[in-house]
Amino acid sequence: MAQKTTLLPEVKKHYGDLKNFIGGAWVESSASEWLDDTNPATGEVIARVPLSPRADVDAAVRAGLDAWEEWRETPPLSRARYFFTLRDLMEQHFEELARIVSQDHGKIIDEARGEVRRAIENVEVAAGIPSLMMGYNLEDGAAAGIDEEVLYQPLGVFAGISPFNFPAMVQSWFWPYAVATGNCWVAKPSEQDPLVQVRLFELIEMAGFPPGVVSMVHGAKEAVEAVCDHPDIRGVSFVGSTQIAKLVYARAASHGKRVQCGGGAKNLLVVLPDAKLDTIVPNMISSVYGTAGERCLAGSVIVGIGEAQGPLKAKFTAHASKLKLGYGLDESTQMGPVISRKHQERVLGYIDKGEDEGAKPLLDGRGVKVPGYEHGYFVGPTVLDGVTPDMTVAKEEIFGPVASVFEMDDLDEAIAWINRSPYGNAASIYTSSGKAARDFRYRARAGSIGINLGIAAAMAYFPFGGMKNSFFGDLHPQGRDAIRFFTESKVVITRWV
Amino acid sequence: MSTAAPELATFGSILRFAIELEAATSAFYGSAVDVLKKDGLEALARELSAQHASRHRLLERTRQRVNEMVLEPIGGLDGSRYAFDPTPAPGDAVLARALALEEIAGRFYAETSAAARQALVEASRTFRKLGEESARNAGRLRGLSEI
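As the structure is a computational prediction, the values presented were derived from the model and not from experiment. (Residues numbered from 1 in each chain as written. Chains lettered and ligands numbered in written order. Predicted model: local features only at pLDDT ≥ 70, side-chain atom pairs only at ≥ 80, totals over all residues. Heavy atoms only, no water.)

Enquirer: Describe the packing of helix H3 (residues 94-105) of chain A against helix H4 (residues 109-126) of chain A, listing the residues and the values that go with them.
Expert: Each pair of packed helices can be described by the angle between their axes along with the distance between the axes. Residues and elements named next belong to chain A. Closest axis-to-axis distance for the H3/H4 pair is 8 Å, and the angle between their directions is 120 degrees. As judged from the angle between their axes, H3 and H4 are oblique. Classified by chirality, the crossing of H4 by H3 is right-handed. The residues of H4 that touch H3, namely those facing Phe94, Glu95, Leu97, Ala98, Arg99, Val101 and Ser102, are Ile109, Ala112, Arg113, Glu115, Val116, Arg117 and Ile120. For the contact of H3 with H4, the per-class residue count stands at 8 nonpolar, 1 polar and 5 charged. (Axes fitted to C-alpha atoms, helices over the stretch in contact; angles between N-to-C directions. Helix = DSSP H or I, 4+ residues; strand = E, 2+ residues; numbered from the N terminus. Parallel < 35°, antiparallel > 145°, perpendicular 65-115°, else oblique. Left-handed = near helix turned anticlockwise from the far one by under 90°. Contact = heavy atoms within 4.5 Å. Nonpolar A, V, L, I, M, F, W, Y, C, P; charged D, E, K, R; others polar.)

Encoded structure:
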């Protein structure tokens, strides 16, 4: 019997020339350069993105400064109500937002829905700002009759620069908290897939946020540099590659700004012999190949310990080989394309290099063809065996659907590897042993630890972790960390005479 | 006429099929109200139409509450087992077709609940409850057919 697949409709075929959103209005960028935004499954151009110059960033910051005094004097409960309205609008447009993410980024619709859900959850958490932003006090805290208290106050205008891999979610790690605490915000979404941010800003506009409180400027390098250098931006939030995260951190900090920068990763999935392979392998597949491996939490190094090695390799490869590639808007698709032709070539180059250096492809995603999507940027699921620590594929972040398989004798060796790695974003262990899991959790130096879970992505009310070269800064996105990042603590000591 | 066999390899495709099944079943019962009037069963047809419409809404909410941490490829479901015929039936065939729809739903939800149990616990629980409800519906319809 013929099988029925469902190809969901695209929200639009073409989104036109994008505009910036500054001071509560959609305005033409003064850019002289534009970038084509393509649908990675089809290769079709679906929008043109302005590479805005410094002047556009400056206009957004000025709008924020103009709005700031009144916004910070708006009571937290009133500020929260804008988020309730926005949250309802996001729910009403949930499916539309998810489809835009899938069309523009390439991830499958389930993953896109999961991402939009995350964005909504951050808005929901930020709506609790009257409780989240409370300070604390102590009667007679300074001396008898002298009370002491701490207030959390907003600072002014913040800016956020987000990557292509989660075009809806990553901005939401930042801006709802920044704005709910009484700051103003300038967003610079990825120039590779900004369309969902455009739609979200239309919803932000509908929610009625006062002009200038939230602005968006499209762009690339010049806009990022302008954000880092601007004297009136008080802090910068960033997620991207480690190389750029380091540059942004150093440059923005040199101008006295608060900075939080998430970088790259090389995450291990460690499998002990007592792990239940039939249960965990599908989860590992999701970790490695979900979002085509373009996740900073993706497992990219598979480590079988002792007797786990042979069966793990066989089962993992068998499962990976069955993944169905295609357009993310086809609901039967299990893995979509990578973001761009350039990135596809980069990922394929890593597979070539791995093979040149002695790794053996157990599953080779090079040359994959997806019927009906011959112009898409697909890389098939790949498993490289015989990888050694000195190989490039073992050391560098590939950011694609490529697993490197290692064999190790014991858990100590795996933890030592994790702790030696320059990255420290995430690490996961699969085991039935509580003792081994506890040992791993205690000793592994990574910001997000998964126990029998390959994507340990913090919910909105917890900080999104990251250590070593995976995070530069002190306070992480989301949760209480976000509230602290976007506020200054002021101590007041009072004596009534 | 039966629907084409769905390809059920992702959370989204399973939810899509479930939502289509519920919408079609609700519409089927809606169309059966007049046909079953002569047997005094129009209230039952109305009740089941409303019940499946409510299930449809529940599944829409389930689809939107996805957590990507537990999204995993789903294997082992044979879509050909769940092809269904939602077209209105003539008087003497209504109960038989309704029974077939409920049996397919019962089978579909029981099997997807099992397939999703490990990763998608909330969805699995929803599927299990819907499957049990369809089994109860099927029992009621079987009882009527035997009268």
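Enquirer: Quick rundown of the sheet that holds strand S17 (residues 402-408) of chain A? Include the residues and the values.
Expert: All names here are of chain A. Ordered by their spatial adjacency, 7 strands build an open sheet running S15-S16-S17-S14-S13-S19-S20, and the pairing between neighbours is mixed. One side of each edge strand has no neighbouring strand; the edge strands of this open sheet are strand S15 (360-363) and strand S20 (448-451). For this sheet, the mean angle separating the axes of adjacent strands, direction not counted, is 25 degrees. When strand S16 (residues 382-385) meets S17, the two strands line up parallel, connected through 3 bridges. Each residue of the ladder has a partner; that of Val383, found in S17, is Ala403. Packed onto the sheet, helix H14 (residues 411-420) meets strand S13 (267-271), strand S14 (299-305), S17 and strand S19 (426-430) and runs at close to 175 degrees relative to S13. (Pairing = 2+ DSSP bridges.)

Enquirer: Residues and numbers for a negative patch on the surface, please.
Expert: Residues and elements named next belong to chain A. Taken together, the side chains of Asp356, Glu357, Asp390 and Glu396 define an acidic patch exposed on the protein surface. Take Asp356: it is sitting in helix H12 (residues 341-356). Look at Asp356 and you get exposed, because its relative accessible area is 67%. (Patch = residues over 30% accessible without salt bridge, like charges linked within 9 Å, V, L, I, M, F, W, Y side chains within 5 Å. Areas by Shrake-Rupley, 256 points an atom, 1.4 Å probe, with all protein chains shown as cover. Salt bridge = Lys/Arg side-chain N within 4 Å of Asp/Glu carboxyl O. Lys, Arg positive; Asp, Glu negative; His and termini not counted. Charge placed at Lys NZ, Arg CZ, Asp CG, Glu CD. Buried < 20%, exposed > 50% of the residue type's maximum accessible area, 1.4 Å probe, protein only.)

Enquirer: Please provide a residue-by-residue account of the domain arrangement of chain A, values included.
Expert: Residues and elements named next belong to chain A. For chain A, the assigned domains are domain 1 (20-263 + 470-495) and domain 2 (267-451). Placing the centre of domain 1 and that of domain 2 at their C-alpha centroids yields a distance of 31 Å. At the junction of the two partners, domain 1 supplies 25 residues and domain 2 supplies 26 residues. Summed over the three residues of domain 1 that lose the most area to domain 2, namely Ala41, Ile108 and Ser470, the buried surface amounts to 25% of that side. At the boundary of domain 1 with domain 2, the tally comes to 1 salt bridge. Taken together, domain 1 and domain 2 are joined by 10 residue pairs in polar contact (both at pLDDT 80 or more). Elements represented by at least two residues in the side of domain 1 that touches domain 2 include exactly H3 and H4. When residues in the side of domain 1 that touches domain 2 are grouped by element, the largest group, 5 residues, is from H3. Here the residues of the side of domain 1 that touches domain 2 are counted per class, giving 6 nonpolar, 13 polar and 6 charged. (Domains from an automatic or database assignment. Buried area = accessible area lost by both parts, 1.4 Å probe. Polar contact = N/O pair within 3.5 Å; in protein donor to acceptor, adjacent residues only side chain to side chain.)

Enquirer: Go over the environment of Val393 of chain A, please, and point to the residues and values.
Expert: For Val393 of chain A, the location among the structural elements is in helix H13 (residues 392-395). Separated by 36 residues in sequence, Val393 of chain A and Glu357 of chain A place their C-alpha atoms 9.0 Å apart.

Enquirer: Pulling in residues and values, what's your account of the interface of chain A and chain B?
Expert: Each partner contributes residues to the interface: chain A has 34 residues there, and chain B has 25 residues. Of the roughly 2,600 Å² buried where chain A meets chain B, counting both sides, 52% is carbon and sulfur surface. At the boundary of chain A and chain B, one finds 2 salt bridges. The interface formed by chain A and chain B includes 9 residue pairs in polar contact (both at pLDDT 80 or more). Elements that contribute at least two residues to the side of chain A that touches chain B include exactly strand S1 (3-4), H3, H4 and helix H10 (277-289) of chain A.

Enquirer: Can you break down the packing of helix H8 (residues 221-229) of chain A against helix H9 (residues 242-254) of chain A residue by residue, with the values?
Expert: Residues and elements named next belong to chain A. Remark: H8 packs on H9, axes separated minimally by 7 Å, with the N-to-C direction vectors making an angle of 35 degrees. Taking contact as the criterion, the partners of Val224, Glu225, Cys228 and Asp229 in H8 are, on H9, Val248, Arg251 and Ala252. Tallied by class, residues from the contact of H8 with H9 come to 4 nonpolar, no polar and 3 charged.

Enquirer: Quick one: what's the story with the packing of aromatic side chains, residue by residue and with numbers?
Expert: All names here are of chain A. All chains considered together, the criterion is met by 28 aromatic pairs over all chains. With a centroid separation of 5.8 Å and an interplanar angle of 85 degrees, the aromatic rings of Phe164 and Phe399 are classed as edge-to-face. Here Phe164, found in the loop between strand S8 (157-161) and helix H6 (169-180), pairs with Phe399, found in the loop between H13 and S17; they are 235 residues apart in sequence, far enough to count as distant. Phe164 sits in the buried class, given a relative accessible area of 13%. Classification of Phe399 as buried rests on a relative accessible area of 15%. Among the aromatic residues, those joined into a ring-pair cluster are Phe158, Trp173, Phe174, Trp185, Phe464, Phe485 and Phe486. Taking NZ or CZ as reference, Lys107 lies 3.7 Å from the ring centre of Phe166, over its face. (Phe/Tyr/Trp six-rings, centres within 6.5 Å; stacked < 30°, edge-to-face > 60°. Lys NZ or Arg CZ within 6 Å of the ring centre and 35° of its normal.)

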